[in-house]
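# Observations on the model geometry
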Amino acid sequence: METLRVLIVASELAGIASVGGVGEYVLGLARALGLRGHDVKVAMPDYGFVDSDWTRRGRGDPRRFPVRLGGGWREICTIRRITLAEAEQSPSLEVVLLGAHPHFASVSNPEQAYRWANHEPWVSFSRAIIDLLGIWDWQPDVIHCHDAHAALVPVYVSRMRREGTGPEHVRTARTVLTIHSLLNQGKGDRQLLAYAGLPESLFAEAFECYGSMNCFKAGLLAADMTNAVSPTFAMQICVSREIGCGLEGILEDLKSQGRLAGLLSGIDLSRWQVDGVKYEGDVQDLETIVRHKRSVRAESFKAWGWGSSPKPVFAFRGRWDNQKGVTLFDKELLDLGRMVLVTTGSPGEDEGLRSQWNRLREWSSRYPQDLTISPPELAGAAGASKHYAMADFLLAPSQSESCGLAVMECQRFGTVPIVRAIGGLVDTVSEAKSALAPNGFTFDDLASRALLDAAARATEVFGQPDAMNTYIRNCLRQDNGWGSRVGQYETLYSRG
């Protein structure tokens, strides 16, 4: 494989600004590509909460430049750079922070990153990428963009090719657009097209979707290659309106053209591990895992005032969102085991989410020895490892799920997932017996009873130490690291 210069353009990066799985994905892929000898850089917004002590000015780069938008709009984009240190033999990673819109400087924590009335910040961000490449002395072979937040980058590159404008190295760079979620599609009215500085003719040609602007649609059409982050998710977004979110026809066309691939994401194994474990499932490693889980659990129980219990511990970690299936949690789960829920977000305006939020808060008050919600010590990336380690089972009852990195991560701590058989969860968890399975419990229906039945099966296995150890060993033996996945992305880049 030829050595490539790869620019990854995303809204998140674990270790700097991460809201969910996208940040973990970007960091893991960037590290894996660097380990293979590729020259990789990440470009992301310069959020207000990013510590200035981490930054340095890059040689040869201006500190600011104009972002050329349409209709007389103009932003001045600032540039800062961070170098993430080497990790697990991976070379250091350079991150370029772009202050392309006033919104980014106003963001005081990761959860505010996407709180803006319209898609303007992300239009500015995409345009800033193009303008940066025009003055940068580093020239990428591949521009790998993520979700609707960077979807206009392929549109700008495609337009430059068509018109023969702009630097040749930008026109010849291959563009890839990865689909993590289709819930945010960068929708808006036609004024957004004028703001982007793109011709009105492109509305009908690329952007129009059910009468409104759709930046994700335009980006998917313009990119040289697209991919979804698991094979099953890639299949489902082409055939299901519920999962394809109205773009299923476009995605099916891309698939038939050979421009949509389904590549399973990986995890950064160095970030998710218990010291001293070989992850080959031998007896000694199983004992090390069990000791670690007991130690973390004892520490957590002491902090919460919980006594010992023969019940298993069920964990949930994710956004407070219908997509994550949070309304499926029933009080009967507390008859089967204790629950430790860590969630981001708020009840919001959705009546079902608000009602469920209130129910869970009531249950935690009535059953304080069986349910705790978002204890501070389990918050954020630093608390994730503790959360996984202290639990026996991880609940992932998702309505839709592109990949499910939390499921891969929890298995590294001997925590067995209970998942709805949807999206990437199908590709990583199986209840059927095979060489590396069963490694979890699955259910099909989006219903509380289906989740309860799966949890009951898990609880039954929990009561049988030999059977439970088989599940734990199989979890430890899963090869979900980027080392086993990165070659598929190299192939994707060559196809673009």
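Calculation notes
- Residues numbered from 1 in each chain as written.
- Predicted model: local features only at pLDDT ≥ 70, side-chain atom pairs only at ≥ 80, totals over all residues.
- Heavy atoms only, no water.
- Helix = DSSP H or I, 4+ residues; strand = E, 2+ residues; numbered from the N terminus.
- Rg over C-alpha atoms; globule rule 2.2 N^0.38 Å.
- Buried < 20%, exposed > 50% of the residue type's maximum accessible area, 1.4 Å probe, protein only.
- Contact = heavy atoms within 4.5 Å.
- Areas by Shrake-Rupley, 256 points an atom, 1.4 Å probe, with all protein chains shown as cover.
- Lys, Arg positive; Asp, Glu negative; His and termini not counted.
- Charge placed at Lys NZ, Arg CZ, Asp CG, Glu CD.
- Pairing = 2+ DSSP bridges.
- Axes fitted to C-alpha atoms, helices over the stretch in contact; angles between N-to-C directions.
- Parallel < 35°, antiparallel > 145°, perpendicular 65-115°, else oblique.
- Left-handed = near helix turned anticlockwise from the far one by under 90°.
- Phe/Tyr/Trp six-rings, centres within 6.5 Å; stacked < 30°, edge-to-face > 60°.
- Lys NZ or Arg CZ within 6 Å of the ring centre and 35° of its normal.
- Core = buried A, V, L, I, M, F, W, Y, C linked by side-chain atoms within 4.5 Å.
- Polar contact = N/O pair within 3.5 Å; in protein donor to acceptor, adjacent residues only side chain to side chain.
- Salt bridge = Lys/Arg side-chain N within 4 Å of Asp/Glu carboxyl O.
- Nonpolar A, V, L, I, M, F, W, Y, C, P; charged D, E, K, R; others polar.
- Right-handed = clockwise from strand over helix to strand, strands pointing away.

This paragraph deals with the overall build of the chain. A count of helical and extended segments in the chain gives 20 helices and 19 strands. The globule rule puts the C-alpha radius of gyration for 496 residues at 23 Å, and the 23 Å found for the chain is close to it. C-alpha atoms of the chain, sized along the principal axes, occupy 70 × 50 × 45 Å. Here the chain holds 496 residues, and the buried ones make up 57% of them. The long-range share in the chain, meaning contacts at least 24 apart out of those at least 6 apart in sequence, stands at 73%. For the chain, the computed accessible surface area is about 19,800 Å², with 47% contributed by carbon and sulfur atoms. Charged side chains of the chain number 53 positive and 58 negative; the gap between the two group centres comes to 3 Å.

Next up on the list: the sheet that holds strand 9 (residues 187-188). Pairing is antiparallel across the open sheet formed by 3 strands, whose spatial order is 9-11-10. The sheet is open, and its two edges are formed by strand 9 and strand 10 (208-209), each paired on a single side. Sitting on the sheet, helix 8 (residues 215-222) touches strand 10 and strand 11 (212-214), and the angle it makes with strand 11 is about 50 degrees.

If you walk across this open sheet you meet the 6 strands as 16-15-14-17-18-19, and the pairing is parallel. Each edge of the open sheet is held by one strand with a lone partner, namely strand 16 (371-373) and strand 19 (441-443). Strand-to-strand, the axes of this sheet are offset by a mean angle of 15 degrees, without reference to chain direction. Pairing of strand 14 (residues 313-319) with strand 17 (residues 393-396), which is carried by 2 bridges, proceeds in the parallel orientation. Residue pairing across strands places alanine 315 opposite leucine 394, the latter belonging to strand 17.

Relative orientation of the contacting elements helix 3 (residues 120-135) and helix 4 (residues 152-163) amounts to 45 degrees, with a least axis distance of 8 Å. By the angle between their axes, helix 3 is oblique relative to helix 4. In this structure, the crossing between helix 3 and helix 4 has a hand that is right-handed. When helix 3 is examined against helix 4, the residues Val123, Ser126, Arg127, Ile129 and Ile130 are found in contact with a partner set consisting of Leu152, Val153, Tyr156, Val157 and Met160.

Attention now moves to the packing of aromatic side chains. Any aromatic ring pair is given by two values, namely how distant the centres are and how the planes are angled relative to each other. Within this structure, the stated rule accounts for 22 aromatic pairs. Judged by centre distance (5.3 Å) and plane angle (55 degrees), the rings of phenylalanine 301 and tryptophan 306 are tilted. By the burial criterion, phenylalanine 301 is buried, and tryptophan 306 matches it. A centroid spacing of 6.0 Å and a plane angle of 40 degrees characterise the contact between tyrosine 388 and phenylalanine 413, whose relative ring orientation is tilted. Of this pair, tyrosine 388 sits in helix 15 (residues 380-390) while phenylalanine 413 is found in the loop between helix 16 (405-411) and strand 18 (416-420), placing the two residues 25 residues apart along the sequence. The exposure class assigned to tyrosine 388 is buried, which follows from its relative accessible area of 4%. Grouped by ring-pair contacts, the aromatic residues Tyr47, Phe49, Phe104, Tyr114, Trp122 and Phe125 constitute a single cluster. The ring of tyrosine 156 carries the charged tip of arginine 127 above its face, separated from the ring centre by 4.7 Å. The ring of phenylalanine 203 has arginine 190 lying over it, and the distance from NZ or CZ to the ring centre is 3.9 Å.

Ranked by size, the top nonpolar core spans 173 residues in total, and within it Val95, Phe207, Leu251, Phe329 and Ile418 carry the most contacts. Contact partners of phenylalanine 329, with chain neighbours within four places excluded, come to Phe316, Met339, Leu341, Gln356, Leu360, Trp363, Leu395, Pro397 and Leu451.

With that settled, the discussion passes to the environment of valine 42. Locating valine 42 in the fold gives a position in strand 2 (residues 39-45). Residue classification places valine 42 among the buried residues on the basis of a relative accessible area of 0%. Placed 388 residues apart in sequence, valine 42 and serine 430 show a C-alpha to C-alpha distance of 34 Å. Those residues within four positions of valine 42 in sequence are excluded, and the remaining contacts are Leu7, Ile8, Leu13, Val26, Ala30, Leu93, Glu94, Val95 and Val96.

Relative to the assigned elements, aspartate 189 resides in the loop between strand 9 and helix 6 (191-196). For the pair aspartate 189 and asparagine 118, spaced 71 residues apart in sequence, the C-alpha separation works out to 9.5 Å. Here glutamine 191 takes part through its backbone nitrogen, which lies 3.0 Å from a polar atom of the side chain of aspartate 189.

Applying the stated criterion to the full structure yields 24 salt bridges. Across the pair arginine 174 and glutamate 2 runs a salt bridge whose closest N-O atoms are separated by 3.9 Å. In this pair, arginine 174 sits in strand 8 (residues 174-179) while glutamate 2 sits in the segment before strand 1 (5-9), placing the two residues 172 residues apart along the sequence. A residue is classified by how much of its surface remains accessible, and arginine 174, at 19% relative accessible area, is buried. Notably, a salt bridge pairs glutamate 431 with arginine 457, separated by 2.9 Å at the nearest N-O pair. Here glutamate 431, found in the loop between helix 17 (424-428) and strand 19, pairs with arginine 457, found in helix 18 (residues 448-462); they are 26 residues apart in sequence, far enough to count as distant. The class of arginine 457 is partly exposed, set by a relative accessible area of 30%. Residues joined by salt bridges that share partners form a network here, namely Lys41, Arg81 and Glu94.

Interaxial distance between helix 9 (residues 231-239) and helix 11 (residues 248-256) falls to 6 Å at its minimum, and their mutual angle equals 125 degrees. Taken together, the axes of helix 9 and helix 11 lie oblique to each other. Here Met235, Ile237, Cys238 and Val239 of helix 9 lie close against helix 11, whose contacting residues are Glu248, Leu251, Glu252 and Lys255. The residue inventory of the contact of helix 9 with helix 11, partitioned by class, reads 5 nonpolar, no polar and 3 charged.

To continue, consider the pairing of strand 1. Burial of strand 1 is extensive: 4 of the 5 residues sit out of reach of the surface. Relative to strand 2, strand 1 is paired through 5 bridges, and the arrangement is parallel. Note that in strand 2 the partner of leucine 7 across the bridge is lysine 41. Regarding topology, helix 1 (residues 21-35) serves as the crossover connection from strand 1 to the parallel strand 2, and that connection is right-handed. For strand 1 and strand 7 (residues 142-146), the ladder comprises 4 bridges, and the chain directions are parallel. When the bridges of strand 7 are listed, isoleucine 8 appears paired with histidine 144.

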